[in-house]
Amino acid sequence: MVRLYNRKATTKSCLIKIDLRKAYDTVEWEFAKDMLYGLNFPVKLIKLLMECITSTKYTIALNGGVYGAIKGKRGLRQGDTISPLIFVLCMDWVADQEGFTFHTKCRSLRLSHLCFADDMLLFCKGEFESVVLMLCGLKTFSDASGLCTNAIKYLLGEYKYAGVPISAKKLTSMDCEVLLDKMTSRIKTWGTRNLSYAGRVQLVNSVLMHVHTYWSFIFLLPKKVLKGITAVCRNFIWGGAVHINKPPLVAWDVVCKAKKEGGLSIIDSIVWNEAAIAKYVWNVACNADNLWVKWVDHVYIKGLNWWQYQPPQDCCWYWRKYAQFKRDFEEDTYRIIG
């Protein structure tokens, strides 16, 4: 969607990222109730849900004692299993209005916004009328639901969402510096002198390798970055620091093997990244019921056979790589089965 944003001769488009201020704490109960009725939920179920939502009471812990029973007036309880579901239903109210023009390649799916927790992306055609209608709709939604935007985090044209950059181009090692910085900062905060080898292995598997997992599920990371992740984990295991001068005691390929094969069951970041990207290939092949599969089918595949599909030359770099993974994935599948 943002692939052509840096070009002058292209369709005018607009993308706005906003942050909802104290999202769960400010949802109006009447608005949630109206949404449930509007979506034709059974009346009995609505009464049960509203009883769970409106029976909130708060206490104050002071000097080792618990005092008060303050009754809540609005908001969804944090940690309640139904709260995320109710919140998603409330966010479904954000919709297009009469005269609204959709963003490029979004009309058929009637796609106008995306939400992740309290972060929201709004997009429309880059025309004054569409932008005004979108913002007016957001204001109406805010007045009705009680959810307000955080003016400090209100961004226009800054392409970063949920901590990762929004880009159709290949990520550079500079773009991923924050990823390595997070891993090295964790190591510097640990008291490594008192950790055994087993303790360091546990921290690598449970903390360091999971720092890059989210990025690996979204992007095909540069080889330089993946090698840097491997180097950080290897140095921490054998030396307890980010940088060490002595050579490792065991080759990294052996370390990444399962314990029953003589390894330490450390996740291989390069293999993990490829496997995570292969998930998208499999989702398209299975025609998974998710928005991304529907969008790529509408924009790129257009009902063609996925295994015989060839990407166009003017598509983004990531889509070409996904198509390349498809060929590798197909060959490996046949080899394993045969």
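Because the structure is predicted, anything quoted here is derived from the model rather than measured. (Residues numbered from 1 in each chain as written. Predicted model: local features only at pLDDT ≥ 70, side-chain atom pairs only at ≥ 80, totals over all residues. Heavy atoms only, no water.)

### Quick notes on the overall build of the protein
Thought 1: Helix and strand counts for the protein come out as twelve helices and nine strands.
Thought 2: Here the protein holds 338 residues, and the buried ones make up 39% of them.
Thought 3: Excluding contacts between residues fewer than 6 apart, the proportion of contacts in the protein whose partners are at least 24 apart in sequence is 66%.
Thought 4: Total accessible area computed for the protein in this model is approximately 20000 Å², and 56% of it derives from carbon and sulfur atoms. (Helix = DSSP H or I, 4+ residues; strand = E, 2+ residues; numbered from the N terminus. Buried < 20%, exposed > 50% of the residue type's maximum accessible area, 1.4 Å probe, protein only. Contact = heavy atoms within 4.5 Å. Areas by Shrake-Rupley, 256 points an atom, 1.4 Å probe, with all protein chains shown as cover.)

### What about the side chain of His-212?
Thought 1: Of note, His-212 is situated in the loop between helix H6 (197-211) and helix H7 (213-216).
Thought 2: Excluding its chain neighbours within four sequence positions, the residues that come into contact with His-212 are Leu-179, Ile-229, Ser-269 and Trp-272.

### Details of the confidence of the model for the protein
Thought 1: Scored by pLDDT, the protein has a mean of 80; 87% of the residues are at 70 or more.
Thought 2: Of all the helices and strands in the protein, strand S7 (residues 155-156) carries the lowest mean pLDDT, 51, while helix H2 (residues 43-54) carries the highest, 90.
Thought 3: Across residues 334-338 the pLDDT falls below 50, and counting only partners more than four positions away or on other chains, this stretch makes zero contacts in the model. (pLDDT = per-residue confidence, 0-100.)

### Quick notes on unusual backbone geometry
Thought 1: Phi is positive for Ser-265, close to 60°, though the residue is something other than glycine.
Thought 2: Within the secondary structure, Ser-265 is located in the loop between helix H9 (252-255) and helix H10 (269-285).
Thought 3: A relative accessible area of 32% places Ser-265 in the partly exposed class.
Thought 4: The phi angle at Asn-287 is positive, at roughly 55°, despite the residue not being glycine.
Thought 5: When you line up the elements, Asn-287 lands in the loop between H10 and helix H11 (291-301).

### Things to note about the pattern of salt bridges
Thought 1: The final tally for this structure, using the stated rule, is five salt bridges.
Thought 2: Between Lys-294 and Asp-289 there is a salt bridge, with its nearest N and O atoms 3.3 Å apart.
Thought 3: Taking the relative accessible area as the measure of exposure, Lys-294 reaches 43% and is therefore partly exposed.
Thought 4: Residue classification places Asp-289 among the exposed residues on the basis of a relative accessible area of 69%. (Salt bridge = Lys/Arg side-chain N within 4 Å of Asp/Glu carboxyl O.)

### A few points about the packing of aromatic side chains
Thought 1: Within the structure shown, the criterion is met by 18 aromatic pairs.
Thought 2: A ring pair is formed by Trp-306 and Trp-319, whose centres lie 5.7 Å apart and whose planes are at 40°; its orientation type is tilted. With a gap of 13 residues between them, Trp-306 in the loop between H11 and helix H12 (317-337) and Trp-319 in helix H12 connect regions that are remote in the sequence. No difference in accessibility class separates Trp-306 from Trp-319, as the two residues are buried. (Phe/Tyr/Trp six-rings, centres within 6.5 Å; stacked < 30°, edge-to-face > 60°.)

### Section: helix H8 (residues 223-239)
Thought 1: A rise of 1.5 Å per residue sets the reference length of H8, with its 17 residues, at 24 Å; its end C-alpha atoms lie 23 Å apart and thus fit the reference within 8%.
Thought 2: Within H8, burial applies to Val-225, Leu-226, Gly-228, Ile-229, Thr-230, Val-232, Cys-233, Asn-235, Phe-236, Ile-237 and Trp-238.
Thought 3: Structurally, H8 contributes buried residues whose contacts are with helix H5 (177-189), H6, H9 and H10.
Thought 4: In the segment just after H8, Gly-240 is the residue with positive phi, at about 70°. (Expected span 1.5 Å × (residues − 1).)

### Looking at the pairing of strand S5 (residues 119-125)
Thought 1: Counted residue by residue, S5 has six buried out of seven residues, so it is predominantly covered.
Thought 2: Direction of pairing for strand S1 (residues 13-21) relative to S5: antiparallel, over a ladder of seven bridges. For Asp-19, the partnering residue across the bridge sits in S5 and is Asp-119.
Thought 3: Looking at chain direction, strand S4 (residues 113-116) and S5 are connected through four bridges and run antiparallel. In the sheet register, Leu-114 faces S5, and the bridge partner there is Leu-121.
Thought 4: The hairpin formed by S4 and S5 contains two residues between the paired strands, and Ala-117 there has a positive phi angle of roughly 60°. (Pairing = 2+ DSSP bridges.)

### Considerations on H5
An α-helical segment advances 3.6 residues per turn. Residues three or four places apart therefore align on the same side.
Thought 1: Taking 1.5 Å of rise per residue, 13 residues should cover 18 Å, and H5 covers 18 Å from first to last C-alpha, within 8% of that figure.
Thought 2: Of the residues making up H5, those classed as buried are Leu-179, Met-183, Thr-184 and Ile-187. Buried residues of H5, seen end-on, are gathered within an arc of 125° and therefore sit on one face of the element. Exposed side chains of H5 directed beyond 90 degrees from the buried face belong to Lys-188 and Thr-189.
Thought 3: Each element contacted by the buried residues of H5 is listed here: H6, H7 and H8. (Arc of directions from axis to C-beta.)

### What about the pairing of strand S2 (residues 57-62)?
Thought 1: The pairing of S2 with strand S3 (residues 65-71) spans five bridges and is antiparallel. Residue pairing for S3: Ile-60 is matched across the bridge by Tyr-67.
Thought 2: In this structure, the hairpin formed by S2 and S3 is closed by a connection of two residues, where Asn-63 is found at a positive phi of approximately 55°.

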